[in-house]
Structures are given as structure tokens and as C-alpha cells.
Amino acid sequence: MKELILKFLTVTLLLTSCTTDELDLFDPDATRVPQTLIPDVTFADPNIVQEAKDLHLRLQLITQKGIAFGQQGAIGGGVNFFDFESLESDFSRVAGDWPAIIGFDLEELELWDPLIPNPNVQDFRQTLLTKAHNNGSIITLSWHASNPLTRRNSFDRTKAVTQMLEGGFLRDTFLLYLERIAYFLNNLKDENGNPIPVLFRPWHEMNGDFFFWGEGLRSTEEFKQLFRDTVTILTETYNVHNVLYVYAPNTVKNASEYLKNYPGDAYVDILGIDVYDHKSNNFVNDAIRNLEIVETIAKEKNMLFAFTETGLENVTESNWWTEQLYKAIRSSSISYTMVWRNATPNHFYAPYLGHPAEDDFRTFVSKDLILLHKDIQQE
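Residues numbered from 1 in each chain as written. Predicted model: local features only at pLDDT ≥ 70, side-chain atom pairs only at ≥ 80, totals over all residues. Heavy atoms only, no water.

Draft legend 1. Just the nonpolar core, in detail. Grouped together as the largest cluster of nonpolar side chains are 90 residues, with contacts concentrated most on Phe 69, Trp 203, Trp 213, Leu 271, Phe 307, Trp 321 and Ile 329. In terms of nonpolar packing, the next biggest core, distinct from the first, is built from 21 residues, Ile 38, Leu 59, Leu 304 and Ile 376 among them. (Core = buried A, V, L, I, M, F, W, Y, C linked by side-chain atoms within 4.5 Å. Buried < 20%, exposed > 50% of the residue type's maximum accessible area, 1.4 Å probe, protein only.)

Draft legend 2. Quick peek at the packing of aromatic side chains. Evaluation of the coordinates by the stated rule reveals 27 aromatic pairs. With a centroid separation of 4.9 Å and 50° between ring planes, the pair formed by Phe 155 and Phe 211 is classed as tilted. Of this pair, Phe 155 sits in the loop between strand S3 (138-142) and helix H5 (161-164) while Phe 211 sits in the loop between strand S4 (198-201) and helix H7 (220-237), and the two are 56 residues apart along the sequence. Judged by relative accessible area, Phe 211 falls into the buried class, the value being 3%. (Phe/Tyr/Trp six-rings, centres within 6.5 Å; stacked < 30°, edge-to-face > 60°. Helix = DSSP H or I, 4+ residues; strand = E, 2+ residues; numbered from the N terminus.)

Draft legend 3. Fine view of the pairing of strand S6 (residues 270-274). Burial within S6 is extensive, with five of its five residues counted as buried. Of the two faces of S6, both are covered, the one formed by Ile 270, Gly 272 and Asp 274 as well as the one formed by Leu 271 and Ile 273. Relative to S6, strand S5 (residues 243-247) is paired through two bridges, and the arrangement is parallel. Paired with Val 246 across the strands is Ile 270, a residue of S6. As paired elements, S6 and strand S7 (residues 304-310) share five bridges and run parallel to each other. Following the sheet pairing, Ile 273 is matched in S7 by Phe 307. The parallel pair S6 and S7, bridged by helix H9 (residues 283-301), forms a crossover whose chirality is right-handed. (Pairing = 2+ DSSP bridges. Right-handed = clockwise from strand over helix to strand, strands pointing away.)

Draft legend 4. Quick peek at the environment of Leu 217. Summarising the element assignment, Leu 217 is placed in the loop between S4 and H7. Between the C-alpha atoms of Leu 217 and Ser 86, which are 131 residues apart in sequence, the distance is 41 Å. In this structure Leu 217 touches Arg 157, Lys 159, Asp 209, Phe 211 and Phe 212, once residues within four positions along its chain are discounted. (Contact = heavy atoms within 4.5 Å.)

Draft legend 5. Quick look at the packing of H9 against helix H10 (residues 320-329). Here H9 crosses H10 at 25°, and the two axes come no closer than 7 Å. Here H10 runs roughly parallel to H9, going by the angle between their axes. Remark: the crossing between H9 and H10 carries right-handed chirality. Counted together, Phe 283, Val 284, Ala 287, Ile 288 and Leu 291 of H9 and Trp 320, Glu 323, Gln 324, Leu 325, Lys 327, Ala 328 and Ile 329 of H10 form the full contact between these two elements. Classifying every residue of the contact of H9 with H10 gives nine nonpolar, one polar and two charged. (Axes fitted to C-alpha atoms, helices over the stretch in contact; angles between N-to-C directions. Parallel < 35°, antiparallel > 145°, perpendicular 65-115°, else oblique. Left-handed = near helix turned anticlockwise from the far one by under 90°. Nonpolar A, V, L, I, M, F, W, Y, C, P; charged D, E, K, R; others polar.)

Next comes the structure, spelled out in C-alpha cells:
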């Protein structure tokens with residue numbers, strides 16, 4: 001009897017001493033329950049175009065079927081080839097289909113006068129984005145904005161946000177940034193001249209401290225105002241109406257942390273979360289926990305939600321797709337997820353032809369839950 005009591009106490013102590021991170025959250029028997037359709041959607045932009053409303057409905061319908069899957073920059077080339085005239089990428093060559101969702105970045109557009117042609121900055125990006133949309137992929141945009149004080153990249157942690165707000169000495173620079181971003185967005189037209197709808201994630205991963213808009217470099221209220229100003233100025237001042245706005249923090253521990261920098265329902269259309277595999281042997285648990293947090297909030301707010309960025313740099317585990325990513329998302333009702341880009345042989349997130357993870361990637365994308373380009377064309 002004493003031995004049984006000791007065993008019971010030992011197990012109890014072990015369980016109570018474990019953090020949520022240490023507990024295995026993956027349930028192989030868990031069943032995915034699609035998010036219910038949202039009948040009356042209130043958009044951040046009251047003058048949003050029909051094409052963007054249709055995109056929101058398309059995402060709702062996709063969610064009933066599975067998870068739209070794609071990659072940042074997965075068009076016009078890959079790690080070992082470049083062809084800006086082509087729809088091809090490492091992703092499409094290995095998967096045998098184009099991504100359902102393709103990401104682009106607005107980085108550096110804010111630095112250049114759009115009326116002065118600069119193909120390296122804007123033309124090829126607009127061309128590829130338009131091709132991807134016309135081909136049927138969904139477009140999502142991030143913005144690694146340059147620090148307006150130093151004009152260095154977004155990772156320059158020089159404090160700037162405070163002065164970007166009303167009354168600050170960087171206000172005019174910020175307004176110029178938005179004017180140039182608006183010019184790009186307003187000139188996104190499909191083959192018939194209609195506006196191309198996009199998912200836009202301004203000031204993403206704000207709960208990290210690595211971007212100039214991150215934690216410790218401004219107050220919480222200042223960040224909220226930055227986000228609100230971005231939405232308001234784009235929609236009201238520059239008449240950008242083809243955008244669905246996405247709020248997307250980095251990994252969080254709880255709902256309170258997720259909502260800490262939230263600008264309010266009136267400024268957000270879709271909730272997102274970015275969780276990467278940093279080889280801590282805990283990616284599946286981290287992702288499951290974060291997606292559960294966002295799903296709970298999304299249901300309360302009657303909003304769509306997504307796994308807006310993920311990946312394992314250089315895909316160093318040959319079975320990562322089926323043993324890590326699939327386990328992390330298989331029971332979630334996210335509408336889409338996306339891995340980061342293939343930039344160089346030392347910085348990529350999808351396998352290329354001949355990579356050790358090639359076969360596992362094909363197995364992953366062949367699963368019924370994972371939707372590629374061909375799977376979303378009827379939605």
C-alpha cells in the first residue's frame with residue numbers, strides 16, 4: 001500500500017511540476033472542427049471593395065474544407081534558379097502545384113518615389129503579385145518597413161514609433177511612407193482591371209523586441225495608435241479599399257499577451273500568429289498552444305484566424321513536414337498557413353528538388369487537409 005501511495009505521489013508531483021510546454025499537447029485522435037461561417041462580417045474598412053469581401057468569404061469556405069497552404073515569395077524562382085517571367089518556385093517544383101497562398105513584402109517601397117521608375121523596388125514585385133493572383137493564389141502582404149529615423153531596415157532598433165504619431169517630428173515621414181504604400185496597393189489590378197484583394201499584416205510580431213516597433217521601443221498604447229493610424233490613413237486619406245487587415249503577434253504564452261497590443265476590433269479583419277521551429281524540441285506543443293489561444297479569441301470575436309508564419313530554417317529535419325508541422329495544425333480550424341521564403345542556399349524554408357525533405361514535403365501536401373492551388377479554385 002505504501003508503495004502505491006509513493007508511486008501516486010511521485011506521478012502527481014511530476015505532473016504538477018511540468019509546465020504546459022513540457023506536456024505533450026498533441027492528440028492523434030483529435031478531430032478538426034471547421035470554424036462556422038460568419039454571416040454578418042464587419043470590416044475594418046467600411047468602404048471595402050467587393051473583391052476583398054469575396055476574398056474573406058473565400059477564406060471562410062476554404063476553412064470548411066481544410067487549410068490553405070503556401071509560402072512567402074514562392075513565385076519567379078527559388079534557391080538555385082531565378083525566372084521572374086515564371087510562376088515556378090522550389091515549392092511548385094516539389095509539390096507539383098502552385099501554393100494556395102503566396103506572400104509578398106512591401107519592404108523598401110516606402111523609401112522610393114513611386115513616380116520614378118525603379119524596377120528593383122516595385123515593378124517586378126507588382127508583376128509577380130499580379131501573376132500569382134491572376135493564376136488563382138491568395139495574396140498576403142507583410143511590411144518590413146525601414147526605420148523612419150535612420151532609414152535602415154526594420155531590425156534597426158532605434159526608437160521611432162513615438163515620433164511617428166500625431167505631433168511627432170517623424171509624422172510627415174510616416175505619412176509619406178503610407179502614401180507610397182497606398183500607391184502600390186491602389187495600383188494592384190487584375191487582368192480585367194479590377195482591384196486585387198490582399199491580406200495585409202502591418203507591424204507584425206510586435207510582441208518581440210527585434211523590430212523598431214517592438215516591445216521596449218514604444219509603449220503599448222503607442223503601438224495600438226500606430227496600427228490604428230495605419231488603417232485609418234490608408235482607408236480614409238489614401239482611399240485604399242482592397243485590403244483585409246491582419247493582426248499577427250509572435251509566439252505568446254496566453255490570451256492576455258496576445259491581446260496586449262491589439263488595436264481593437266474596428267481595425268482588424270483576421271487574427272494571426274507567427275510560430276517558428278527554433279529547434280527547441282517543442283515546436284508542436286508551442287504551435288498547438290498558440291493556435292488554441294488564437295482560436296478561442298477568434299471564436300469570441302467571430303473572426304477568421306490563421307497561422308500567418310511558420311517554418312524551420314533550412315528544413316534540417318527530413319520528416320519535419322509530417323512529424324512536426326502536420327501534427328501542429330491537423331486539428332486546428334485555421335484558414336491558412338504559410339512558411340517563410342526560399343532566399344539563398346543558407347536561408348530557405350521549403351525543400352528544393354534533391355533536398356532530403358523533398359519526399360516528406362510531398363507526403364504532407366498530399367494530405368486531404370492541406371489545400372494547394374488546385375484545391376481552392378472552386379471556392
